[in-house]
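The residues making up each chain are set out below.
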Amino acid sequence: MPLVDCKILDLPILHDKRGNLTAVESGRGIPFEFNRVYYLYDVPGGSARGGHAHKKLHQLIIAMSGSFDIILDDGRECKSFHLNRSYHGLYICPMIWREINNFSSGSVCMVLASDFYDEMDYIRNKTSFDQLVNS
Ligand code: TYD
């Protein structure tokens, strides 16, 4: 799947003087159904996460608090995204290498994933990834 499919989706905002509300529903307004939610938090300054691709998994990444950068790479080109709004979700299709860095202090990175955790779905070697997508 091409990098062009990976984009920031505007999630709906219910504006309210008491505080805003955003709901994400599986398969509605996002191009996949999710089965798992996980989040990164207490990330030490200077840390980088990611460094892998997924064979079949679809993901939506949301900065629930603070900010961070996500660099996507389809083996041909790279694209960088800065996430800093809890109503923005970065959709990542399968077969995209990602790095996540530049976490602000106290940031929380929430991931909605199409499937349960499966180590077999990971490609953790960049050379193997590049060979696979360019073959
Ligand atoms: P990984 O996906 O490599 O983290 P990130 O991309 O955020 O840097 O996962 C880190 C470790 O956590 C790895 O050993 C697998 C494990 N893990 C689970 O057990 N369950 C999960 O749902 C996830 C996402 C990771």
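Residues numbered from 1 in each chain as written. Predicted model: local features only at pLDDT ≥ 70, side-chain atom pairs only at ≥ 80, totals over all residues. Heavy atoms only, no water.

A.B. asks: Please set out the sheet that holds strand 7 (residues 88-92) residue by residue, giving values where relevant.
C.D. replies: One open sheet accounts for 5 strands, arranged 1-7-4-9-2; its pairing is antiparallel. At either end of the open sheet lies a strand with only one pairing partner, and these are strand 1 (8-10) and strand 2 (36-40). Each neighbouring strand pair of the sheet contributes to a mean axis angle of 30°, computed without reference to strand direction. Relative to strand 9 (residues 108-113), strand 2 is paired through 5 bridges, and the arrangement is antiparallel. (Pairing = 2+ DSSP bridges. Helix = DSSP H or I, 4+ residues; strand = E, 2+ residues; numbered from the N terminus. Axes fitted to C-alpha atoms, helices over the stretch in contact; angles between N-to-C directions.)

A.B. asks: Let's hear about the site of the ligand: which residues, and what values?
C.D. replies: Taken together, the neighbourhood of the ligand is formed by R36, Y38, L40, R49, G50, H52, Y117, Y122 and R124. For the ligand, an oxygen atom lies 2.5 Å from a polar atom in the side chain of R36. The separation between an oxygen atom of the ligand and a polar main-chain atom of G50 is 2.9 Å. For the ligand, whose unbound accessible area comes to 530 Å², protein coverage reaches 64%. When residues of the shell around the ligand are traced back to their parent elements, those giving at least two are strand 2 and strand 3 (49-54). Of the residues belonging to the shell around the ligand, the class tally is 4 nonpolar, 2 polar and 3 charged. (Near = heavy atom within 4 Å. Polar contact = N/O pair within 3.5 Å; in protein donor to acceptor, adjacent residues only side chain to side chain. Areas by Shrake-Rupley, 256 points an atom, 1.4 Å probe, with all protein chains shown as cover. Nonpolar A, V, L, I, M, F, W, Y, C, P; charged D, E, K, R; others polar.)

A.B. asks: Can you lay out the sheet that holds strand 10 (residues 122-123) for me, pointing to particular residues and giving the numbers?
C.D. replies: Across the sheet, 5 strands lie side by side as 6-5-8-3-10; this open sheet has antiparallel pairing. A single partner strand is all that each edge strand has here, and the edge strands are strand 6 (78-83) and strand 10. One ladder, built from 5 bridges, connects strand 5 (residues 68-73) with strand 8 (residues 97-101); its direction is antiparallel. Bridging from a neighbouring strand, I70 pairs with I100 of strand 8.

A.B. asks: Now, about the side chain of R36: what can you tell me, with residues and values included?
C.D. replies: Here R36 is to be found in strand 2. No salt bridge is formed by the buried R36; the nearest opposite charge belongs to D121, separated by 6.8 Å. The residues touching R36, leaving out its near neighbours within four places in the chain, are L57, V111, L112, A113, D115, F116 and Y117. (Buried < 20%, exposed > 50% of the residue type's maximum accessible area, 1.4 Å probe, protein only. Lys, Arg positive; Asp, Glu negative; His and termini not counted. Salt bridge = Lys/Arg side-chain N within 4 Å of Asp/Glu carboxyl O. Contact = heavy atoms within 4.5 Å.)

A.B. asks: So what's going on with the pattern of salt bridges? Residues and values would help.
C.D. replies: Oppositely charged side chains can pair when the atoms bearing their charge come close. In this structure the tally under the stated criterion is 5 salt bridges. Between E25 and R28 there is a salt bridge; the shortest N-O distance is 3.2 Å. By relative accessible area, E25 is classed as partly exposed at 44%. For the salt bridge of D130 with K126, the shortest nitrogen-to-oxygen distance reads 2.8 Å. Note that D130 and K126 are positioned in helix 1 (residues 126-134) at a spacing of 4 residues, about one turn of the helix. A relative accessible area of 23% means that D130 is categorised as partly exposed. Residue classification places K126 among the partly exposed positions, given a relative accessible area of 27%.

A.B. asks: I'd like to hear about a nonpolar patch on the surface, residue by residue, with values.
C.D. replies: A surface patch of nonpolar side chains, about 330 Å² in accessible area, is lined by V37, Y39 and Y41. Within the secondary structure, Y41 sits in the loop between strand 2 and strand 3. Y41 gets classed as partly exposed once you look at its relative accessible area, which sits at 48%. (Patch = residues over 30% accessible without salt bridge, like charges linked within 9 Å, V, L, I, M, F, W, Y side chains within 5 Å.)

A.B. asks: An account of the pairing of strand 9 is needed here, citing residue identities and associated values.
C.D. replies: Counting buried residues along strand 9, 5 of its 6 residues qualify, which places the element largely inside the surrounding structure. The pairing of strand 4 (residues 59-65) with strand 9 spans 6 bridges and is classified as antiparallel. Of the residues in strand 9, the one forming a bridge with L60 is L112.

So yeah, pure geometry; function would need other evidence.
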